[in-house]
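Below are the chains, spelled out letter by letter.
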Amino acid sequence: FLVLLPVATGAQETGELTLRIKDVARLEEDRANQLTGFGLVVGLNGTGDGSQGFALEMVLNFLAHHGFEVDRTNIRVRNVAAVALSASLPLYKQSGDGLEVTVSSLGDAKSLQGGILLQSPLAGADGKVYAVAQGPVVVGGFSAESRRGSRQTTNQPTVGFTQAIVEREVP
């Protein structure tokens, strides 16, 4: 719809004001949708979850899903981190489009640097999967430790970004 409104203004001598509809209105359904999920980041160089809790259970579930049954006493998760995933799905993204995903450590991992997120679904509030995330995790921070014990951390090495592929459009 196009609406023309005569506007009187002292700012312009002609008395015309250019207005775009998107500056004064928006579609009721024109909003992003929040997506969340959980996953595993693997390939960490000893900076993953040190505890044997949540990350261990996720690893065991992942292996069982792929047909492997492993004794829990034989698994160490220091190269793996359990993570929470979050993304915002704009209304006009279509199936096959890319989407940026925030990856945040859930456990006591020291860093996600160098890690790869294993395939993880991202669901909306309705419980439906709208995207699938997978790939390298890009971290903006770092943590370094010297042999003498001094330590430096910049930004958040336990929060990073990766990509997802949209699987379902928002109706």
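Quantities reported herein were computed from a predicted structural model and do not represent experimental measurements.

S.K.: Account for the packing of aromatic side chains, with residues named and values stated.
M.R.: Taken as a whole, this structure holds zero aromatic pairs when the rule is applied. Positioned over the ring face of Y130 is R168, at 5.6 Å from the centre of the ring.

S.K.: I'd like a rundown of the pattern of salt bridges, residues and numbers included.
M.R.: Under the criterion given, the structure shown has one salt bridge. In this structure, E57 engages R72 in a salt bridge whose closest nitrogen and oxygen atoms are separated by 2.6 Å. Here R72 lies in the loop between α2 (54-65) and β2 (80-89) and E57 lies in helix α2, a separation of 15 residues in the sequence. Here E57 falls in the partly exposed class, since its relative accessible area comes to 33%.

S.K.: I'd like a description of the nonpolar core, backed by residues and values.
M.R.: Formed by 24 residues in total, the largest nonpolar core has its most connected members in L35, V41, V83, L99, L112 and L122. If you list the elements that add at least two residues to this core, you get β1 (33-42), β2, β3 (98-105), β4 (116-123), β5 (129-136) and β9 (159-166). Contacts of L112, omitting those with residues within four sequence positions, involve V41, L44, A81, V83, V103, S105, V137, V139, P157, T158 and V159. The next biggest cluster of nonpolar side chains, apart from the first, holds ten residues, and it includes L40, L56, V77 and V80.

S.K.: Describe the layout of surface pockets, naming the residues involved and giving the relevant values.
M.R.: Computed from the structure, the largest pocket encloses a volume of approximately 250 Å³. If you trace the largest pocket, you find it lined by F38, G39, L40, M58, N61, F62, H65, H66, L118, Q119, S120 and P121. Considered class by class, the residues forming the lining of the largest pocket number six nonpolar, six polar and no charged.

S.K.: How would you sum up the environment of G98? Please name residues and give values.
M.R.: Summarising the element assignment, G98 is placed in strand β3. Along the primary structure G98 and E167 are separated by 69 residues, whereas in three dimensions their C-alpha atoms are 9.8 Å apart. Discounting chain neighbours no more than four positions away, the residues touching G98 are K93, Q163 and A164.

S.K.: Tell me about α2, and please be specific about residues and values.
M.R.: For α2, built from twelve residues, the straight-helix expectation of 16 Å at 1.5 Å per residue is met to within 8% by its first-to-last C-alpha distance of 17 Å. Buried residues of α2: A55, L56, M58, V59 and L60, and no others. Those residues of α2 hidden inside the fold are in contact with β1 and β2.

S.K.: Which residues make up the side chain of N33, and what values go with them?
M.R.: Along the chain, N33 turns up in strand β1. The class of N33 is buried, set by a relative accessible area of 17%.

What counts, and where the lines are drawn
- Residues numbered from 1 in each chain as written.
- Predicted model: local features only at pLDDT ≥ 70, side-chain atom pairs only at ≥ 80, totals over all residues.
- Heavy atoms only, no water.
- Phe/Tyr/Trp six-rings, centres within 6.5 Å; stacked < 30°, edge-to-face > 60°.
- Lys NZ or Arg CZ within 6 Å of the ring centre and 35° of its normal.
- Salt bridge = Lys/Arg side-chain N within 4 Å of Asp/Glu carboxyl O.
- Helix = DSSP H or I, 4+ residues; strand = E, 2+ residues; numbered from the N terminus.
- Buried < 20%, exposed > 50% of the residue type's maximum accessible area, 1.4 Å probe, protein only.
- Core = buried A, V, L, I, M, F, W, Y, C linked by side-chain atoms within 4.5 Å.
- Contact = heavy atoms within 4.5 Å.
- 1 Å grid on protein atoms, 1.4 Å probe; cavity = no way out; pocket = protein on both sides within 12 Å on 5 of 7 lines; lining within 4 Å.
- Points joined across faces, edges and corners; volume = space filled by probe spheres on them.
- Nonpolar A, V, L, I, M, F, W, Y, C, P; charged D, E, K, R; others polar.
- Expected span 1.5 Å × (residues − 1).

All quantities given are derived from atomic positions and should not be read as evidence of function.
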